[in-house]
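Report on the structure
Residue-level listing of the chains:
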Amino acid sequence: GFFVLYFIAIGPLLHILKPLTIGANIVHERFLTFALAIVCIGLGYFAEAGKDLLKNIKLNPVKIVIIPWILFGALTSNLNSTFWRSDIVLWNWASHLNPRSVDAQNNLAAAYLEKEQGQLALEAAQAALNLSPNDPVILANYATALKKLERNEEALKIYMAIEETDGDNAGLANNIGTVFM
């Protein structure tokens with residue numbers, strides 16, 4: 001019963017099936033608390049209930065808990081580590097998991113900008129703008145993608161519009177300056 005309850009609790013965190021999302025958030029640390037609480041309760045239960053059983057079997061209770069824990073952790077890390085190869089892979093994965101996530105779309109645009117992939121950055125920034133049309137950070141990424149594609153007049157209009165609402169942004173002032181260069 002304990003292991004079934006544990007796997008039910010930890011299952012949504014593994015991203016094997018469609019991941020659990022709440023409020024466009026794909027980060028799951030808060031869901032891990034329940035699974036860890038079950039493990040802690042189980043450790044206490046096994047420590048008490050398994051004393052007589054373990055005397056007869058001659059197994060170390062630490063090994064019974066730690067070895068599966070390490071193997072399960074290694075499996076989980078292996079399943080998820082492929083998504084952390086690069087920022088583009090990570091944010092592309094995140095935006096496919098939850099296409100309504102503004103952060104995933106905008107961070108994908110920023111990752112493309114970092115790799116000088118202007119057209120892909122423009123598409124990702126446009127997807128983020130569709131979700132949050134007045135966000136100055138997303139607008140700045142969109143304008144920067146336009147600048148990378150040498151569409152300087154369009155970029156400058158967006159930068160100037162952002163400056164009206166976010167005039168104290170030094171990065172924005174730098175970007176406006178580079179459009180004029």
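Residues numbered from 1 in each chain as written. Predicted model: local features only at pLDDT ≥ 70, side-chain atom pairs only at ≥ 80, totals over all residues. Heavy atoms only, no water.

**Concerning the overall build of the protein chain**
Selection criterion: Helix numbers and strand numbers start at the N terminus; a helix is a DSSP run of H or I with at least 4 residues, a strand a run of E with at least 2. The rule is simple: take the accessible area with a 1.4 Å probe, protein chains only, and divide by the maximum for that residue type; under 20% is buried, over 50% is exposed, in between is partly exposed. Contact between two residues is taken to exist if any of their heavy atoms lie within 4.5 Å; hydrogens are not considered. Surface exposure here means Shrake-Rupley accessible area, sampled with a 1.4 Å probe, where a residue is shielded only by the protein chains that are shown.
Secondary structure summary: the protein chain contains ten helices and zero strands in total. In sequence order, the protein chain lays out its α and β elements as α-α-α-α-α-α-α-α-α-α. Residue burial in the protein chain is summarised as follows: out of 181 residues, 33% are buried. For the protein chain, restricting intrachain contacts to residue pairs at least 6 apart in sequence, the fraction spanning at least 24 positions comes to 48%. As displayed, the protein chain has an accessible area near 11,600 Å², and 62% of this comes from carbon and sulfur atoms.

**A few points about the pattern of salt bridges**
Short version of the rule: A pairing counts as a salt bridge when a side-chain nitrogen of Lys or Arg comes within 4 Å of a carboxyl oxygen of Asp or Glu.
In total, this model carries two salt bridges according to the counting rule given. A salt bridge links Glu116 to Lys148, with the nearest nitrogen and oxygen atoms 3.3 Å apart. Of the two residues, Glu116 sits in the loop between helix H6 (102-114) and helix H7 (118-131) while Lys148 sits in helix H8 (residues 136-148), which places them 32 residues apart along the sequence.

**Side note on the nonpolar core**
Inside soluble globular proteins, nonpolar side chains tend to come together where they are buried. Rules: Think of a nonpolar core as a cluster: buried Ala, Val, Leu, Ile, Met, Phe, Trp, Tyr and Cys residues, connected wherever their side-chain atoms sit within 4.5 Å.
By size, the foremost hydrophobic cluster in this structure holds 22 residues, and its most contacted members are Tyr112, Tyr142, Leu146 and Ile158. Only H6, H7, H8 and helix H9 (152-165) provide two or more residues apiece to this core. Once residues within four sequence positions are removed from consideration, Tyr112 is found in contact with Ile88, Asn92, Gln117, Leu120, Ala121 and Ala124.

**Some remarks on the side chain of Asn141**
The topology assignment puts Asn141 in helix H8. Looking at Asn141, the relative accessible area reads 14%, which means it is buried. Contact partners of Asn141, with chain neighbours within four places excluded, come to Asn106, Ala110, Leu113 and Ala125.

**A few points about the packing of H6 against H8**
Short version of the rule: Think of each axis as a best-fit line through the C-alpha atoms, taken over the contacting stretch in the case of a helix, with angles from 0 to 180 degrees between the N-to-C directions. Orientation labels follow simple angle bins: below 35 degrees gives roughly parallel, above 145 gives roughly antiparallel, 65 to 115 gives roughly perpendicular, and whatever is left gives oblique. Note: crossing handedness is left-handed where the near helix turns anticlockwise from the far helix by less than a right angle, and right-handed where it turns clockwise.
Closest axis-to-axis distance for the H6/H8 pair is 10 Å, and the angle between their directions is 30 degrees. Here H6 lies roughly parallel to H8, going by the angle between them. The hand of the H6/H8 crossing is left-handed. Residue-level inspection shows Val102, Asn106, Ala110 and Leu113 of H6 in contact with H8, the latter providing Val137, Ile138, Asn141, Thr144, Ala145 and Lys148.

**Regarding the side chain of Ser101**
Heads up, the rule is: Polar contact is defined as a pair of N or O atoms within 3.5 Å, subject to the rule that within protein one atom must be able to donate a hydrogen and the other to accept it, and that residues adjacent in sequence are counted only when both atoms are side-chain atoms.
If you trace the backbone, Ser101 turns up in the loop between helix H5 (87-97) and H6. Within the structure, Ser101 has its side chain in polar contact with the backbone nitrogen of Ala104 (distance 3.2 Å).

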